[in-house]
Amino acid sequence: MFRGQQDLTPAAQIAFSARFGELLPPQLQRFALPGFPAIGVVSNAKDERGEAIGIANSGRNWHTDVQFDRTPPDATFLVSRELPGDGGDTLYASMTMAYAALDTGLRNRIDGLRVIHSRVRSWPILFPDRPPLPQSEIDRYPDVSHPLVRTHPVTGRQALYMGGNMAMGIEGMDDGEALALIRALRDFATGEAFTHAHRWRHGDAVLWDNRSMMHRATPYDDARYRRVMHRTSFGPAAPVHKGAPPTP
Ligand code: OGA
Ligand code: MN
């Protein structure tokens, strides 16, 4: 977390982000910052013609970014530009800590499982207020599966990667059982013991590791306040699972 970044230009945000890996442009290009296709705007604000300048209500549920892609970004960098007077915090949950706190029976049960993520099937459930996904996006994001226990490529530590709300099942498991397991893990892993609330201050910029954390935006009074955030994501890579020998 970096404070005092109010003078960080969009070009500098891009240059900084590109040091970590290949930039991943926002999924919805119509919400890119004009002139900067690599920067996504997360905002409730409208321009002078009344058009939304960014994605509103983004990330209101626990998730990691772009989990529905075969190669999600390693990290995301969010730079605050305008903040509401109240609310609009971002919560973070450590999936490494949560995994470490599971009992060994549960760890053995979930080792090697793969979660199925579907942007297409979850879209109308998650975003009933948004227009349907364009065909180009439907074609671009077929369902994918990722390991439920994800091994961090740098630290070697295991983390839960159960997906936000786009998880639709687990390979080889009955859907009812799979969804119950995913929900139980998510509720456990986003409990207060593993979470941190970032209260944004003017000029704050936050960089997070999608390989080991979930995050979530909290609401604010969007009739009263504007919130404008500039987002870059980078380092697309397929999540990996290195099985640990089962613990007796
Ligand atoms: C995101 C996101 C949370 C927020 O940009 O990926 O989830 O508080 N943002 O805006
Ligand atoms: Mn997010």
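Check the entry above for the structure.
Reading the values: the criteria
Residues numbered from 1 in each chain as written. Chains lettered and ligands numbered in written order. Predicted model: local features only at pLDDT ≥ 70, side-chain atom pairs only at ≥ 80, totals over all residues. Heavy atoms only, no water. Buried < 20%, exposed > 50% of the residue type's maximum accessible area, 1.4 Å probe, protein only. Helix = DSSP H or I, 4+ residues; strand = E, 2+ residues; numbered from the N terminus. Arc of directions from axis to C-beta. Contact = heavy atoms within 4.5 Å. Polar contact = N/O pair within 3.5 Å; in protein donor to acceptor, adjacent residues only side chain to side chain. Core = buried A, V, L, I, M, F, W, Y, C linked by side-chain atoms within 4.5 Å. Expected span 1.5 Å × (residues − 1). Near = heavy atom within 4 Å. Areas by Shrake-Rupley, 256 points an atom, 1.4 Å probe, with all protein chains shown as cover. Nonpolar A, V, L, I, M, F, W, Y, C, P; charged D, E, K, R; others polar. Donors = N, O, S within 2.8 Å, 3.2 Å for Na, K, Ca; no water.

Caption draft 1: Up close: helix H4 (residues 119–126). Taken together, the buried positions of H4 are occupied by Arg119, Ser122 and Trp123. Summarising the axial view, the buried residues of H4 lie within an arc of 125 degrees, below the 170-degree limit, and thus occupy one face. Turned more than 90 degrees off the buried face of H4, the exposed positions are Pro124 and Ile125. Packed against the buried residues of H4 are strand S6 (114–117), helix H5 (135–140) and strand S10 (167–170). Among the residues of H4, the N-terminal cap falls to Ser118, whose side-chain oxygen and the backbone nitrogen of Arg121 are separated by 2.9 Å.

Caption draft 2: Spatial organisation of the nonpolar core. In this structure, Met95, Ile110, Leu148, Leu160, Met162, Ile170 and Leu185 are the most contacted members of the largest nonpolar core, which totals 25 residues. Only strand S5 (90–94), helix H2 (95–100), strand S9 (158–160), S10 and helix H6 (175–189) provide two or more residues apiece to this core. Of the residues forming this core, the biggest block, five residues, is contributed by H6.

Caption draft 3: Looking closely at H6. The end-to-end C-alpha separation of H6 is 21 Å, in line with the 21 Å expected for 15 residues at 1.5 Å each. Listed in full, the buried residues belonging to H6 are Ala178, Leu181, Ile182, Leu185, Arg186 and Ala189. One side of H6 carries all its buried residues, which in axial view fall inside an arc of 130 degrees. N-capping of H6 is provided by Asp174, with a side-chain oxygen placed 3.1 Å from the backbone N of Gly176.

Caption draft 4: The arrangement of the site of ligand 1 in detail. Around ligand 1, the structure places Val42, His63, Asp65, Leu78, Thr90, Trp208, His215, Ala217, Arg227 and Arg231. The side chain of His63 places a nitrogen or oxygen atom 3.2 Å from an oxygen atom of ligand 1. Asp65 places a side-chain nitrogen or oxygen 3.0 Å from an oxygen atom of ligand 1. Burial of ligand 1 by the protein chains amounts to 99% of its free accessible area of 290 Å². Of the residues contributing to the shell around ligand 1, the split by class is four nonpolar, three polar and three charged.

Caption draft 5: Expanded view of the coordination of the manganese ion (ligand 2). Distances from the manganese ion (ligand 2) to its protein donors, His63 (NE2), Asp65 (OD) and His215 (NE2), fall within 2.1 to 2.2 Å. Here the donor residues of the manganese ion (ligand 2) share one chain and are spaced in sequence as H-x1-D-x149-H. Highlighted residues: His63 in the loop between strand S3 (36–43) and strand S4 (73–82) and His215 in strand S13 (residues 213–217), separated in sequence by 152 residues. His63 sits in the buried class, given a relative accessible area of 15%. By relative accessible area, which is 4% here, His215 ends up buried.

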